[in-house]
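Remarks on the overall topology
Take a look at the letters that make up each chain.
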Amino acid sequence: MIQACAPMIYSATSMRERMRGLLGRTHLPTGEALYIKPCRAIHTLFMKFPIDVRFYNKRGELVKEILDVKPGCWFVWGGWRAHGVLESMAGDKTFQGLEHLPSIKTKEK
């Protein structure tokens, strides 16, 4: 019997953590993501891999989903209602289709 691992969401809430985001990483393992709040927009300058981006409002409801954002993108806007963003490896099925932010405990990275 194969056991599925629970998704791991790292939280970036301090100014320093939010500014760094995923910069310097070469990938994200399947089932891992970074949640940045507050955040209405991101960039992928200097990143080394494409990401899937999901913006959520303060109630944790999906506002906007943009899949396969390539490295080098200057500006990805989530909209005025966005309060936070979940970034995962492009194509990671773990987080696709999430209408609500997962109510799992986040881990500070």
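Before reading on, note that the structure itself is shown above.
A short tour of the structure in this document, coming up. (Residues numbered from 1 in each chain as written. Predicted model: local features only at pLDDT ≥ 70, side-chain atom pairs only at ≥ 80, totals over all residues. Heavy atoms only, no water.)

**Focus on the pattern of salt bridges**
Summed over all chains, the structure comprises four salt bridges. Close ionic contact of E65 with R54 constitutes a salt bridge, the shortest N to O distance being 2.9 Å. Taken together, the residues span a long stretch of sequence, with E65 in strand β5 (residues 62–69) and R54 in strand β4 (residues 51–56) at a distance of eleven residues. The network of salt bridges with common partners includes D52, R54 and E65. (Salt bridge = Lys/Arg side-chain N within 4 Å of Asp/Glu carboxyl O. Helix = DSSP H or I, 4+ residues; strand = E, 2+ residues; numbered from the N terminus.)

**So, the nonpolar core**
If you look at the biggest cluster of nonpolar residues, it comprises 17 residues, and the most contacted ones within it are L22, I42, I51, V53, F55 and V85. If you list the elements that add at least two residues to this core, you get β1 (8–12), β2 (32–36) and β4. Here the element with the most residues in this core is β4; it accounts for three residues. Setting aside residues up to four positions removed in sequence, V53 forms contacts with I42, K64, E65, I66, V69, V85 and L86. Formed by six residues, the second largest nonpolar core is a distinct cluster that contains I9, A33, Y56 and L86. (Core = buried A, V, L, I, M, F, W, Y, C linked by side-chain atoms within 4.5 Å. Buried < 20%, exposed > 50% of the residue type's maximum accessible area, 1.4 Å probe, protein only. Contact = heavy atoms within 4.5 Å.)

**Overview of unusual backbone geometry**
Residue P38 is reached from K37 by a cis peptide bond, and omega for that bond is -10°. You will see that F46, though not glycine, has its phi angle at about 65°, which is positive. Relative to the elements of secondary structure, F46 occurs in the loop between β3 (41–42) and β4. Residue classification places F46 among the exposed residues on the basis of a relative accessible area of 72%. Positive phi, normally seen in glycine, also occurs at D68, with a value near 60°. Here D68 shows up in strand β5. With relative accessibility at 36%, the residue D68 sits in the partly exposed group.

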